[in-house]
Amino acid sequence: MTSKSSGLVNWIRSGNLITQIIFSLIAGIILALVSKPAAQSVSLLGELFVHALKAVAPILVLLLVTASIANHQQGQKVNIRPIVTLYLLSTFFAAVVAVVASYHFPQTLILTDAHSGSEAPKGILAIAQGILLSMVVNPVDALINANYIGILVWAIALGLAFRHSSAATRNLLNDLSSAITWLVAKVIRCAPIGIFGLVASVLGTNGFSALSSYITLLLLLIGCMLIMALVVNPLLVFWKIRRNPYPLVFLCLKESGVTAFFTRSSAANIPVNMAIAERLGLDEDTYSVSIPLGANISMAGASITITVLTLAAVNTLNISIDLPTAIMLSLVASLCACGASGVAGGSLLLIPVACNMFGIPNEVAMQVVAIGFLISVLQDSAETALNSSTDLLFTAAVCQAPNASEQQL
């Protein structure tokens, strides 16, 4: 009995994480089918896991980015610029895919009396202002509120300042970075337990009945995200690495996308992406900056959500749009998506900004937001999986590109 118990413990501690997650997923579904009260009772396991990831992610980003920049040697190549280019291209192409798909499969919504619980941004300028203000917040406040834009700004500034410090100070930063990385690895090992709790509680509480009235809208959203993940992103990766991109694409979807799907937070998935990047042997100076940055500006999934739901509202109100307007919507959706991480409520609360292009009143636009929350059980999960796995995918693609050594920040 003791040997069996120790074998189980060893399997949990050092077994294949993806295999464990699959087992946890199946177990969570079975528990929800057998007993909904029992499934709801294990929600604490999922909440503890997500909270642990969210708690460790801000300090991890601060220390990794600071230590990476502080120890960067003059003349050493860091491939940030091409990664950012891929992030922005992917976000824009996602909006284009959503426009084309919505044109061929138009959706309508059931709009009734408005009921909103949150205030949406007033426009693109308000989003830009919010991003700028979040860059100059108090560093302690940024850590407490997980303001990753502010954390990145302070990490870069401190890293540049520590470049002029002694070798002992820079070694201390490396030690702190290694310590928090070790802690993150321990948290990630708990992913199967956390995902079991998340899956069981979500299915036990909500099921799929709430999604039935908007199943075609949900299918369109997920279909667009699959096109991005399996067609557009691989083409962008092929453009960089000049070989079959799908082994890398599937690896990122399997190891990063699966975890992000259940945590539903790009910020919470930063430690997961960091750990995978380290295991892949990517350049630490690059991924320690590009992955946290991607959590803020690589928002293909958010771009799709904003575009599809806005066009569904447009169709419902019988508003006709031409090609130039559709292209403008793609640009607006891309900009809104890049600002989603700095706005309370994420991508859904940015829908009114895009709706404003067509003169749709805020009261009506907030009904669209409410519908978004209704289907968010799957929509938000798929969106986060696409966003977060794309961060890792493009970082790996640039680091593994044939001309990677010639690219520079």
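Preceding this paragraph is the structure being described.
Please read these numbers as outputs of a predicted model, since none were measured by experiment.

A.B. asks: How should the overall build of the protein chain be read in this particular structure?
C.D. replies: Scanning the protein chain from N- to C-terminus turns up 19 helices and zero strands. Split into buried and exposed, the 409 residues of the protein chain put 50% on the buried side. In the protein chain, 85% of the contacts between residues at least 6 apart in sequence involve partners at least 24 apart. Within the structure as shown, the protein chain displays about 18500 Å² of accessible surface, and the carbon and sulfur contribution to it stands at 66%.

A.B. asks: For this particular structure, what's the right way to read the packing of aromatic side chains?
C.D. replies: Two measures describe an aromatic ring pair: the distance that separates the ring centres and the angle between the ring planes. Taken as a whole and judged by the stated rule, the model has four aromatic pairs. Between F92 and F93, the ring centres sit 6.0 Å apart and the planes meet at 50 degrees, which makes this aromatic pair tilted. For the ring pair Y246 and F250, a centre distance of 5.7 Å and an interplane angle of 35 degrees mean the geometry is tilted. Placement of the pair is Y246 and F250 together in helix α12 (residues 246-263), with a separation of four residues, close to one helical turn.

A.B. asks: Looking at this model, I keep getting lost on unusual backbone geometry. Mind explaining?
C.D. replies: The phi angle of most residues is negative, glycine excepted, and most peptide bonds adopt the trans form. Even without being glycine, R242 reaches a positive phi, approximately 60 degrees. Position of R242 among the secondary structure elements: in the loop between α11 (215-241) and α12. Phi angles above zero are rare outside glycine, and N318 is one such case at about 55 degrees. Within the secondary structure, N318 is located in the loop between α15 (300-316) and α16 (323-338).

A.B. asks: When you look at a nonpolar patch on the surface in this model, what are you seeing that I'm missing?
C.D. replies: A grouping of L226, I227, L230, V231, L235, Y246 and F250 is seen on the molecular surface, where their side chains present a nonpolar patch of about 610 Å² in accessible area. Of all the secondary structure elements, the ones that give two or more residues to the nonpolar patch are α11 and α12. Here the element with the most residues in the nonpolar patch is α11; it accounts for five residues. With respect to the element layout, I227 can be found in helix α11.

A.B. asks: Where do I start with the nonpolar core in this structure?
C.D. replies: Among soluble globular proteins, nonpolar side chains are generally buried collectively. Grouped together as the largest cluster of nonpolar side chains are 97 residues, with contacts concentrated most on L109, L217, M228, I304 and V308. With twelve residues, the single largest contributor to this core is α11. Setting aside residues up to four positions removed in sequence, L217 forms contacts with Q107, L109, V308, L309, I371 and I375.

A.B. asks: Sorry if this is basic, but what is going on with α11 here?
C.D. replies: Within an α-helix, residues lying three or four positions from one another point in the same direction, as the helix has 3.6 residues per turn. Compared with the 39 Å implied by 1.5 Å per residue over 27 residues, the 37 Å span of α11 between its first and last C-alpha is a close match. At M228, α11 shows its maximal bend, which comes to roughly 40 degrees. Where α11 terminates, the next one or two residues include R242, which has phi positive at roughly 60 degrees.

A.B. asks: Can you walk me through the pattern of salt bridges in this structure?
C.D. replies: Where side chains of opposite charge bring their charged atoms close, a pairing between them can arise. With the rule as written, the count across this model stands at one salt bridge. The salt bridge involving R279 is made with E255; its shortest N-O contact spans 1.9 Å. Of the two residues, R279 is situated in helix α13 (residues 270-279) and E255 in helix α12; the sequence distance between them amounts to 24 residues.

A.B. asks: Would you mind showing me how to read the packing of helix α8 (residues 148-162) against helix α14 (residues 284-297) here?
C.D. replies: Contact pair α8 / α14: the axes reach a minimum separation of 10 Å and the direction vectors enclose 145 degrees. Both α8 and α14 take part in a crossing whose hand is left-handed. Here Y148, I149 and L152 of α8 come into contact with α14, specifically with P292, L293 and N296. Grouping the amino acids of the contact of α8 with α14 by side-chain chemistry returns five nonpolar, one polar and no charged.

A.B. asks: Quick question: what am I supposed to make of the side chain of S90 here?
C.D. replies: Among the structural elements, S90 can be located in helix α5 (residues 80-104). The class for S90 is buried, based on a relative accessible area of 1%.

A.B. asks: How should the side chain of S201 be read in this particular structure?
C.D. replies: The topology assignment puts S201 in helix α10 (residues 191-205). There is a polar contact of 2.8 Å between the side chain of S201 and the backbone oxygen of G197. Excluding residues within four positions of it along the chain, S201 makes contact with A39, Q40 and S43.

What counts as what
- Residues numbered from 1 in each chain as written.
- Predicted model: local features only at pLDDT ≥ 70, side-chain atom pairs only at ≥ 80, totals over all residues.
- Heavy atoms only, no water.
- Helix = DSSP H or I, 4+ residues; strand = E, 2+ residues; numbered from the N terminus.
- Buried < 20%, exposed > 50% of the residue type's maximum accessible area, 1.4 Å probe, protein only.
- Contact = heavy atoms within 4.5 Å.
- Areas by Shrake-Rupley, 256 points an atom, 1.4 Å probe, with all protein chains shown as cover.
- Phe/Tyr/Trp six-rings, centres within 6.5 Å; stacked < 30°, edge-to-face > 60°.
- Patch = residues over 30% accessible without salt bridge, like charges linked within 9 Å, V, L, I, M, F, W, Y side chains within 5 Å.
- Salt bridge = Lys/Arg side-chain N within 4 Å of Asp/Glu carboxyl O.
- Core = buried A, V, L, I, M, F, W, Y, C linked by side-chain atoms within 4.5 Å.
- Expected span 1.5 Å × (residues − 1).
- Bend = angle between axes of the 7 residues up to and from the residue.
- Axes fitted to C-alpha atoms, helices over the stretch in contact; angles between N-to-C directions.
- Left-handed = near helix turned anticlockwise from the far one by under 90°.
- Nonpolar A, V, L, I, M, F, W, Y, C, P; charged D, E, K, R; others polar.
- Polar contact = N/O pair within 3.5 Å; in protein donor to acceptor, adjacent residues only side chain to side chain.

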